[in-house]
Amino acid sequence: MTADKNPGMKKFAGLLFLVALSFPFAELSGQIKVESQIDIGDNELSDGLYFLNSDFGHYEQKYWFAETGLQFGLHQPQNVFLNSWYLTSGAKVPAGKYIIIVGLEYDWTAFAPDLREVNWILFTGTSFNHWELTLGSNRRVYRLSNKAAREEANKEFKDSFIEEWNFMYSAGYRLKPRENKWNIMFTVTDFDRFLIQQESNPMINARFDYRINESLNLYSELWYKSSGLLNIKVDYFGTFIRIGAIWQL
Amino acid sequence: MATIIKFGRAFSIIAVLFCVSCEDVDFTGFFYNNNPVNDRVKESLEWNKSSPEQSITIPGNDYTLLVAGDSHVGGTVNLNTFLTQANTTGASGIVIAGDLTTGHKEDYDVFKHEIDTKNSLPAFFVVGNHDLFFDGWNAYFDYFGSSTYSFKVNTANATDLFICLDTGSGTLGSEQLEWVTNLLENERKNVRYCIVITHVNFIREHRTSSTNLLVEEIRAILDLCYRHSIDLVITGHDHNRSEQFFNRTHFLTLDALEDDFDNASYLSLQVKESGLVTTFVGL
């Protein structure tokens, strides 16, 4: 398949080109991190516990960073295995004693064998000793898979639609200063690494970090999701536990 | 710590002021739901067992249903206009897609009185978030019974399936999702058109502060719509009409019927052998 014949491939090729542009000045001494995590949870859709595995690669140097992530459904109601992947790249802009991050992300999700969700994301964020703040916006596209779209091609149906832009936010507070060996952080946000809720559906999580040594960090997170908060008729939706490790190579 | 305590005090005072002063919104719903969706659905499914599935029989092949949303009674001017037009224009039934009332018992009384005295057509109701405020679920259930049910329209040559879902607290919940999945798997192949009516919007076609379902549920619903060729999904909640198409499914959001709403309208849904025709009728 060539990029000329497939608009999705064309977009992907364009994205790779953008990411490639981010690296011409990369120093060989940049940091590489790999990360792996397991989610175990229960929600109104899962019919019992679900298990997800996510793996990430992160590269950064003084002014630039790039990250990619993959999520696999080990046990879940959706009949897919590769749930989601993303590619993100951005700049680290010095602002006095702080660093402001500005980035772009492409996020792809297969939520059913024939259905896809794609998000284009623009975000900015910064980190203080105790606070982590991120703001952004995403444009969400729901579409048929390329295979399903080809099968439906002779019918007069729309094979995709775009939602209006959505406001993304995350505000987290650490109990201890950032460099502490252990930490607990509480966050309110409408997004996770592979999932972006509508802005009117905030999620909360508590995270515990423990640094084993300079190159290995362990963490666990507890997430709670409710529905209908801004309908002013709140209801439980789900909770999950995340356990993960970050290795700095 | 002192800042947190001050913030907590200020928040409590504001919350109490809201709770005391606002007659239309029940701010306790930010924190607590004494009738969560899975409980409501269990009550509804029990109610369905003791009540035969409702149906409308049409002598010909084509028919019209009038569908409104967000009447928010107290006020009844627009509701009366809607009922008058429904009962004088040859419609076969009416549907109101949630937020029938403000949730207050006295407003339920007014709404029920208007329906009982000014409507002679088969009438179907969906529960909305406002209907659940102020313990409104008890009044809804007493007057209308189930909030999760289906009804059929039988024409000379075909049967159409209408599914009414409870999204009053922004989620379908596991019980309702299982029910609707089973219903579609068993019934969809036997009917001509399948139309879903609920209150909270599934997809967001324009910028709005209205709450949608969580993305995980929207994905599950899109999958159901795709696999079972749902023809039309009608929602209220946002008070601003919008339309979106995805594969075979037409997603349509209604204007509000509420009195004093600038663009109040209802939907005329003409069901024909050749397809579904939707027309907004302004008030």
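Residues numbered from 1 in each chain as written. Chains lettered and ligands numbered in written order. Predicted model: local features only at pLDDT ≥ 70, side-chain atom pairs only at ≥ 80, totals over all residues.

## What about the domain arrangement of chain B?
Residue and element names in this part refer to chain B.
- Domain boundaries assigned for chain B yield domain 1 (1–32) and domain 2 (35–282).
- Taking the mean C-alpha position of each, domain 1 and domain 2 sit 33 Å from one another.
- Each side of the interface is counted separately: domain 1 has four residues, and domain 2 has four residues. (Domains from an automatic or database assignment. Contact = placed C-beta atoms within 7 Å.)

## Considering the pairing of strand S5 (residues 149–154) of chain B
All names here are of chain B.
- Sheet analysis places strand S1 (residues 54–57) next to S5, joined by four bridges and oriented parallel. Bridged to Ser55 within S5 is Lys152.
- Note: S5 against strand S6 (residues 159–164), six bridges, orientation antiparallel. Note that in S6 the partner of Lys152 across the bridge is Leu161.
- In this antiparallel pair of consecutive strands, S5 and S6, the connection spans four residues. (Pairing = 2+ DSSP bridges. Helix = DSSP H or I, 4+ residues; strand = E, 2+ residues; numbered from the N terminus.)

## Looking at the sheet that holds strand S3 (residues 93–97) of chain B
Residues and elements named next belong to chain B.
- One open sheet accounts for five strands, arranged S4-S3-S2-S11-S12; its pairing is mixed. Each edge of the open sheet carries a strand with a single partner, namely strand S4 (123–126) and strand S12 (275–282). For this sheet the average axis-to-axis angle between neighbouring strands, irrespective of direction, equals 20°.
- The sheet contact formed by strand S11 (residues 265–272) and S12 spans eight bridges and is antiparallel. Within the sheet, the bridge partner assigned to Lys272 lies in S12 and is Gly275. (Axes fitted to C-alpha atoms, helices over the stretch in contact; angles between N-to-C directions.)

## Focus: the pairing of strand S1 (residues 31–43) of chain A
Residues and elements named next belong to chain A.
- In terms of strand pairing, S1 meets strand S2 (residues 50–60) through 11 bridges, oriented antiparallel. From the neighbouring strand, Ile32 faces S2, where its bridge partner is Tyr59.
- Between the end of S1 and the start of S2, which pair antiparallel, lie six residues, with Asp47 showing a positive phi angle near 55°.
- By the bridge criterion, 11 bridges tie S1 to strand S13 (residues 235–248) in an arrangement that is antiparallel. Bridging across to S13, Lys33 finds its partner in Gln248.

## Describing unusual backbone geometry
Residue and element names in this part refer to chain B.
- Along the chain, Val73 connects to Gly74 via a cis peptide bond; the corresponding omega equals 20°.
- Along the polypeptide, Gly74 turns up in the loop between strand S2 (63–68) and helix H3 (77–88).
- At Asn247, a position not held by glycine, the phi torsion is positive, near 55°.
- Structurally, the position occupied by Asn247 is in the loop between strand S9 (242–246) and strand S10 (249–253).
- Looking at Asn247, the number of C-beta atoms within 10 Å reads 23, which means it is buried.
- Non-glycine residue Asp260 carries a positive phi angle of around 70°.
- Here Asp260 lies in the loop between S10 and S11. (Buried ≥ 20, exposed ≤ 12 C-beta atoms within 10 Å, placed from the backbone.)

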